[in-house]
Structure formats: structure tokens, C-alpha cells
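The lines below spell out each chain.
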Amino acid sequence: MVITYPVGGGLYVNLTNRCPCACEFCLRKSGPGVNGEDSLWLTREPTVEEVIADFGARDLSSYSEIVFCGYGEPTERLEDLLAVARHLRQKMPNMPIRINTNGLADLIHGRSTAGELKGLVDVVSISLNTPDPDEYFRVCHPKFGPDSYAAMLKFARECVDVVPKVVMTVVDEPVTSLANQERCRQIAASVGAVLRVRPFVGAREK
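As a convention, each chain's residues are numbered from 1 in the sequence order in which they are written. Local features in a predicted model are, by the rule used here, given only for residues with pLDDT of at least 70; side-chain atom pairs are given and counted only at 80 or more, and totals for whole chains, interfaces and linings are based on all residues. Excluded from the side-chain calculations are hydrogens and water; all other atoms, namely the structure's heavy atoms, are used.

Colleague: For this particular structure, what's the right way to read the overall build of the chain?
Modeller: A run of H or I in DSSP counts as a helix once it spans at least four residues, and a run of E counts as a strand once it spans at least two, with each numbered from the N terminus. Helix and strand counts for the chain come out as 6 helices and 9 strands. Note that the radius of gyration is over C-alpha atoms, with the globule rule given as 2.2 Å times the number of residues to the power 0.38. Taking 2.2 N^0.38 as the reference for a compact globule, 206 residues should give roughly 17 Å; the C-alpha atoms of the chain span a radius of gyration of 16 Å, in line with that estimate. Once the C-alpha set of the chain is aligned to its principal axes, its extents read approximately 45 × 35 × 30 Å. Put simply, the chain has 206 residues, and 51% of those count as buried. Between buried and exposed lies partly exposed: a residue is buried under 20% and exposed over 50% of the maximum accessible area for its type, with that area taken using a 1.4 Å probe on protein chains only.

See below:
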């Protein structure tokens, strides 16, 4: 079972395979893992203790950041994610911690969640994906319905108030046209975030 795995200079944490979206361009549709790693499909979700033990088997000082990402939506396990982040803060207070998320944590948990990240997370990267709610619903297929887009933007706005850096992302052409990328850039700026365009490679994006 792959709990953590390196990508670039970061160490990624694979907490869950659960996700409330089924995005058309999702990496999970094109293979079982990334960077030649073993399958990121979990036979079961690792416990907090197992994640911490996995960290103990690695030289964390050799990584530039810890990223909660994996083959699922990490905020599906928000309480466990925060427990792991607290451990990291105590062990390595200067290690940057990032969450890659679809921004639907509030709908997953039925409450406002951004405030819970304060002091524990340095960067939140939120998948904006499209410049309007109708296209978002068509492309991302969120199980929470058409209100998901507004909930994602609300989460982003609230993260800006408590997290040092908030990034919103889209996938490059052909998934997102240059015109739509510019519209997304304006949306990100309107909530106080910056836009990052992620490269698209065949059926995969990084």
C-alpha cells in the first residue's frame, strides 16, 4: 500500500481514494499511479499512525514540501489530515505543507472548514477547472449537484483569510482554452487567489 510517494521535490500523502467528483481529465482514469510508483489505489485507508510511521521511514529533510494529494480528495479525511499536519508542525515546524483539493470540503462535511486549516497549512491548491458553474458540473460531475461550483468559490475565499497562499488551478489546452484560462485567472484574482495552469499530457495532467 503506497501511503507516501515523491513527486519532484515534494513528498505526497495518499490518504484516501474517495472523491465527490469524477472529472473528465482525472489522472486516475489513465493509470494506477504516477512517476512509476506502485498503484495508488488503496486496499484500505491508512490510519494516522501508519502515515506518521511512513514519514519515519523517510528523510523528511530531503523534501521541499509535504503535499496532501494522492488518488482521492484529501479533505474526505479532514480530521485525520489535520492530525497528520499537527504532527508535522511539531516535528518540522518549517516544512511547507500543501493541500491539493477540489474545494468541496464544506459540502463533504456539512460545515465551513477553511478556518480549521489556520496555522497548519501553508498552501491550498484548489481545482477551479472551468470559468462557469454549468461547465464545471458537466466536466467535473460533482455528486453534490450544481451548487458545487459556488461552494468551491466560497471555500477559496475563506481560505484566503487563513492560509498564507491560495492557488486555483486549471488544466492547459485542450482541456481549458486560452480564453477560458483568462476568465479563470480573473475569477481567481476576484477571490484573492492566483491561477496556475497545469500541463496536460495526453490523457494525463500533473
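Colleague: Can you walk me through the packing of helix 1 (residues 48-56) against helix 2 (residues 78-91) in this structure?
Modeller: Helix packing for two helices is described by the angle between their axes and how far apart those axes are. Angles here are taken between N-to-C directions and fall from 0 to 180 degrees, while the axes themselves are lines fitted to C-alpha atoms, restricted in helices to the stretch in contact. Running from N to C, helix 1 and helix 2 cross one another at 35 degrees; their axes reach a closest spacing of 10 Å. In this structure, helix 1 crosses over helix 2, and the sense of that crossing is right-handed. Judged by residue contacts, Val48, Val51, Ile52 and Phe55 of helix 1 engage Asp80, Ala83, Val84, His87 and Leu88 from helix 2. Under this grouping Gly is polar, as are all residues other than the nonpolar Ala, Val, Leu, Ile, Met, Phe, Trp, Tyr, Cys and Pro and the charged Asp, Glu, Lys and Arg. Residues that form the contact of helix 1 with helix 2 fall into these classes: 7 nonpolar, 1 polar and 1 charged. By convention, the crossing between two helices is left-handed when the near helix turns anticlockwise from the far helix through less than a right angle, and right-handed when the turn is clockwise. Any pair of residues with heavy atoms lying within 4.5 Å of one another is described as a contacting pair.

Colleague: Whenever I open this one, the side chain of Thr176 confuses me. Can you help?
Modeller: Examined against the element boundaries, Thr176 turns out to sit in the loop between strand 6 (165-171) and helix 6 (178-191). In this structure Thr176 touches Asn129, Val170, Val171 and Gln181, once residues within four positions along its chain are discounted.

Colleague: Can you help me understand the packing of aromatic side chains in this one?
Modeller: Stacked, tilted and edge-to-face are the three classes applied to pairs of Phe, Tyr and Trp rings, where Trp contributes its six-membered ring and a pair requires centres within 6.5 Å; stacked means planes under 30 degrees apart, edge-to-face means over 60, and tilted covers the rest. Evaluated as defined, the whole model comprises 3 aromatic pairs. Ring geometry for Tyr5 versus Tyr12: centroids 5.6 Å apart, planes at 35 degrees, classification tilted. Overall, Tyr12 belongs to the buried group, its relative accessible area being 11%.

Colleague: Help me understand the side chain of Thr101 in this model?
Modeller: Counting through the fold element by element, Thr101 comes out in strand 4 (residues 97-101). The exposure class assigned to Thr101 is buried, which follows from its relative accessible area of 3%.

Colleague: Which parts of the structure should I look at to understand unusual backbone geometry?
Modeller: Leaving glycine aside, a negative phi is the common case for residues, and trans is the common case for peptide bonds. One non-glycine residue, Asn129, lies in positive phi territory at about 75 degrees. Mapped onto the elements of the fold, Asn129 is located in the loop between strand 5 (123-127) and helix 4 (133-140). Although it is not a glycine, His141 adopts a positive phi angle of roughly 50 degrees. Looking at the secondary structure, you find His141 in the loop between helix 4 and helix 5 (148-162).

Colleague: Quick question: what am I supposed to make of the pattern of salt bridges here?
Modeller: Two side chains that carry opposite charge are able to pair once their charged atoms sit near each other. Salt bridges are identified by distance alone: a Lys or Arg side-chain nitrogen within 4 Å of an Asp or Glu carboxyl oxygen. Tallying each qualifying case throughout the model produces 13 salt bridges. Measuring nitrogen to oxygen at the nearest pair gives 3.8 Å for the salt bridge that ties Arg18 to Glu76. In this pair, Arg18 is assigned in the loop between strand 2 (10-13) and helix 1 and Glu76 in the loop between strand 3 (65-68) and helix 2, connecting sequence segments 58 residues apart. With a closest N to O distance of 2.6 Å, Arg44 and Glu50 form a salt bridge. With relative accessibility at 43%, the residue Arg44 sits in the partly exposed group. Among the charged side chains, a network of salt bridges with common partners joins Arg18, Glu45, Glu76, Arg77 and Asp80.

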